Amino acid sequence: MALSGLEIGIIGAGDMGMLYAKRFKKAGYTVNICDIPSKYEELLEKHRDLGINVMRDGYAVSRRSDFIVYSVPAVTIGKIVEEYGRATKVGAIVAGQTSVKTPEIEAFEKYLPDDVHIVTCHSMHGPNIDTKGQPLAVIRHRSSDEKYAQALEVLGALESRMIFLTFEEHDRITADTQAATHLSFISLGTAWSLQGYHPWLNPQFISGINNVKVAMALRIYASKWHVYAGLAIMNPLAKKQLQCFVESMTDLYKHMIAGKKKEFRDLVYKAADFIFGKDRTHKKILLDDDILDQLSLSQVPKEMSKPNSHLSLLSAAVCWYRMNMSPYDNLICQTPPFRMWLGIVEYLFCNEEMLEESIQTALEDRYTQAEDLVFYTAVTGWGQCIALGSFDGYRERFEKTAAFLGHKLEEGKDLSTMILKKLTDKDTNK
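About the criteria used
Residues numbered from 1 in each chain as written. Predicted model: local features only at pLDDT ≥ 70, side-chain atom pairs only at ≥ 80, totals over all residues. Heavy atoms only, no water. Helix = DSSP H or I, 4+ residues; strand = E, 2+ residues; numbered from the N terminus. Rg over C-alpha atoms; globule rule 2.2 N^0.38 Å. Contact = heavy atoms within 4.5 Å. Lys, Arg positive; Asp, Glu negative; His and termini not counted. Charge placed at Lys NZ, Arg CZ, Asp CG, Glu CD. Pairing = 2+ DSSP bridges. Axes fitted to C-alpha atoms, helices over the stretch in contact; angles between N-to-C directions. Buried < 20%, exposed > 50% of the residue type's maximum accessible area, 1.4 Å probe, protein only. Right-handed = clockwise from strand over helix to strand, strands pointing away. Core = buried A, V, L, I, M, F, W, Y, C linked by side-chain atoms within 4.5 Å. Disulfide = S-S within 2.5 Å. Phe/Tyr/Trp six-rings, centres within 6.5 Å; stacked < 30°, edge-to-face > 60°. Lys NZ or Arg CZ within 6 Å of the ring centre and 35° of its normal. Polar contact = N/O pair within 3.5 Å; in protein donor to acceptor, adjacent residues only side chain to side chain.

Q: Even after reading the chapter, I still don't get the overall build of the chain, so can you show me in this structure?
A: Scanning the chain for helices and strands turns up 18 helices and eight strands. For the chain, the C-alpha radius of gyration of 22 Å lies close to 22 Å, the compact-globule estimate for 430 residues. Its C-alpha atoms put the chain at 65 × 45 × 40 Å along the principal axes. If you take every contact in the chain between residues at least 6 apart in sequence, the share linking residues at least 24 apart comes to 77%. With 50 positive and 54 negative side-chain charges, the chain shows a separation of 1 Å between the mean positions of the two kinds.

Q: In this structure, what is going on with the environment of Leu-50? I would like to understand it.
A: Checked against the element boundaries, Leu-50 lands in the loop between helix 2 (40-46) and strand 3 (53-54). In this structure, the C-alpha to C-alpha distance between Leu-50 and Lys-26, residues 24 residues apart in sequence, is 9.9 Å. Aside from chain neighbours lying at most four places away, what touches Leu-50 is Met-18, Lys-22 and Lys-25.

Q: What is the right way to look at the sheet that holds strand 1 (residues 7-11) in this model?
A: Strands in a sheet are paired, the pairing made by backbone hydrogen bonds, and the direction either parallel or antiparallel. Pairing is mixed across the open sheet formed by eight strands, whose spatial order is 3-2-1-4-5-6-7-8. Looking at the sheet topology across the chains shown, the edges are occupied by strand 3 and strand 8 (161-164). Sheet analysis places strand 1 next to strand 2 (residues 30-34), joined by five bridges and oriented parallel. If you follow Ile-10 over to strand 2, its bridge partner there is Ile-33. Most of the contacts of helix 1 (residues 15-26) go to strand 2, to which it runs at about 165°, and overall it touches strand 1, strand 2, strand 4 (67-70), strand 6 (117-123) and strand 7 (135-142). Together, strand 1 and strand 4 form the strand contacts of helix 4 (residues 77-84), whose direction differs from that of strand 4 by roughly 145°.

Q: Mind showing me how you'd approach the pairing of strand 2 here?
A: On any regular strand, side chains alternate: one points to one face of the sheet, the next to the other face. Among the five residues of strand 2, four are classified as buried, and the element is accordingly described as predominantly covered. Following the chain from strand 1 across helix 1 to the adjacent parallel strand 2, one finds a crossover that is right-handed. With two bridges joining them, strand 2 and strand 3 adopt parallel strand pairing. Bridge pairing in strand 3 links Asn-32 to Asn-53.

Q: Teacher, can you tell me more about the pairing of strand 8 here?
A: Strand direction decides the pairing type here: strand 7 and strand 8, joined by four bridges, are parallel. Note on strand 8: the bridge partner recorded for Ala-137 is Ile-163.

Q: Sorry if this is basic, but what is going on with the nonpolar core here?
A: What tends to happen in soluble globular proteins is that the nonpolar side chains get buried as a cluster. The biggest cluster of nonpolar side chains holds 84 residues, and the ones touching the most others in it are Phe-264, Trp-320, Val-345, Phe-349, Tyr-394 and Phe-398. If sequence neighbours within four positions are ignored, Trp-320 has contacts with Asp-176, Phe-274, Ile-275, Met-325, Pro-327, Phe-338, Trp-341, Leu-342 and Val-345. Residues Ile-52, Phe-67, Ile-93 and Leu-155 belong to the second largest nonpolar core, which totals 31 residues.

Q: I'm lost on the state of the cysteines in this one. Help?
A: In protein chemistry, a disulfide is the covalent bond that joins the sulfur atoms of two cysteines. Inspection of every chain in the model, using the stated rule, returns zero disulfides. Cys-319 supplies the cysteine sulfur nearest to Cys-244, a cysteine that is in no disulfide, at a spacing of 3.7 Å. Given the relative accessible area of 11%, Cys-244 is considered buried.

Q: What exactly am I supposed to notice about the packing of aromatic side chains here?
A: By convention here, two paired aromatic rings are described through the distance between centres and the angle between planes. Inspection of the entire model under this criterion finds 14 aromatic pairs. Centre to centre, the rings of Tyr-253 and Tyr-376 are 5.5 Å apart; their planes meet at 10°, and the pair counts as stacked. In this pair, Tyr-253 sits in helix 10 (residues 238-258) while Tyr-376 sits in helix 16 (residues 366-387), placing the two residues 123 residues apart along the sequence. Ring centres of Tyr-394 and Phe-398 lie 6.4 Å apart, and the angle between their planes is 15°; this geometry places the pair in the stacked category. In this pair, Tyr-394 and Phe-398 are both assigned in helix 17 (residues 391-405), four residues apart and thus about one turn of the helix distant. Across the pair, Phe-398 and Tyr-394 agree in class, each one buried. Aromatic ring contacts, followed pair by pair, group Tyr-221, Tyr-228, Trp-382, Tyr-394 and Phe-398 into a single cluster. In this structure, Lys-306 is placed above the aromatic ring of Tyr-367, and the distance from its NZ or CZ to the ring centre is 4.9 Å.

Q: Just checking my understanding: could you explain the side chain of Glu-346 for this structure?
A: Along the polypeptide, Glu-346 turns up in helix 14 (residues 336-349). Within polar-contact distance, the side chain of Glu-346 engages the side chain of Tyr-328 at 2.5 Å.

Q: Honestly, the environment of Ser-65 in this entry has me stumped. Any pointers?
A: By secondary structure assignment, the location of Ser-65 is in the loop between helix 3 (58-64) and strand 4. By relative accessible area, which is 0% here, Ser-65 ends up buried. Filtering out sequence-adjacent residues up to four positions away, Ser-65 remains in contact with Glu-7, Ile-8, Gly-9, Asn-32, Lys-89 and Ala-92. Within the structure, the side chain of Ser-65 is placed 3.1 Å from the side chain of Asn-32, a separation counted as a polar contact. One polar contact links the side chain of Ser-65 to the main-chain carbonyl oxygen of Val-61, over a distance of 2.7 Å.

Q: What is the right way to look at the side chain of Ser-358 in this model?
A: Following the sequence through the fold, Ser-358 ends up in helix 15 (residues 352-364). Separated by 2.4 Å, the side chain of Ser-358 and the backbone oxygen of Ser-309 make a polar contact. Setting aside anything within four residues of it in sequence, one finds Ser-358 in contact with Asn-308, Ser-309, His-310, Leu-314 and Leu-348.

Q: Teacher, can you tell me more about unusual backbone geometry here?
A: Most peptide bonds are trans, and most residues other than glycine sit at a negative phi. In the Ramachandran plot, Glu-159 falls in the positive-phi region, its phi being about 60° despite a non-glycine side chain. Positionally, Glu-159 belongs in the loop between helix 6 (145-155) and strand 8. By relative accessible area, which is 41% here, Glu-159 ends up partly exposed. The backbone of His-310 shows a phi angle near 55°, a positive value even though the residue is not glycine. Mapped onto the fold, His-310 is located in the loop between helix 12 (289-294) and helix 13 (311-322).

As structure tokens, then:
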């Protein structure tokens, strides 16, 4: 039931902004929305029949709305709040939908009037997933009890699972769950692009957990580059984990090519024992192999599959071990890519036969070592780009890889959605 007379304003009519607009409209709220002024006529025509008020700019939205959401890229949040924040209605509640809260809160504190309440949020999923039941971070930064209650009532229209955090806690958890996860998936895509082959034609990527790697990499590259660039570059806590991931992979790869079998094996099993314990037979986040094999883009028969070192997954486990971090502690704020990433890491480490095959392949198979060299190069290249804070470099690398994978991106996104649905159904039936 919508709060009587309360109007919702959304600044930014991208995919997430429109997802919010439709959910709030469905709940019975008056919704005012805008994008950049040059898109006004296009937006007006495109959404004419949705029953929402399309406005020319953020001034018009801010002046009349009681609950305002800035649904804009993290890289532009400061500039946009500086532009429109002064027009915020007296007593209004302001939220943001960026994936990094430190720059968002800094912008709100700097540019919003003192008589405005700040209760911000972050839906921990993309625009192609229904908000119902998904984690929603809620951050009470500056508000009266009455306005906070109003904010919770409004956000309740999303039917999400609310998680209450400070903005510092939010940024720590998102760094822990998303930084290395995204780096791994985008590096896989770049490695395939550098070698000029598509993974659905490669016998090393045709079954089981490899289907998840391919589907999730395609899902990310089907999205907008700034979603991932903002988190990686603007979250001050993300760079520490990214550096640890790169260093972990570097050490593992050096052991591989130097023939240091004992050092490689010891490092992998220290990580295994730390994260999963000595008894690794009882955990099962992910799906069974027979289901995963049905959800595949591969054009190569399963019987032609080749072993894979799964260097990316081994590196993730070593990174968590070195950071003294249990990934299970962060499932409270899981995103779909992190859930899948932890799932396939767990799946590998909790299958002793598969883990041993992975180690043997890494140490003995020269073809795999050559393939992993390209992946290692992709990871370090992305790591350097992020460390330099280069949004232009990030965008260029991202869009170049996306173009290479282009004809399969939508199919991969659909496949990853099916896998995620299987996971959700499995949880529901527990």
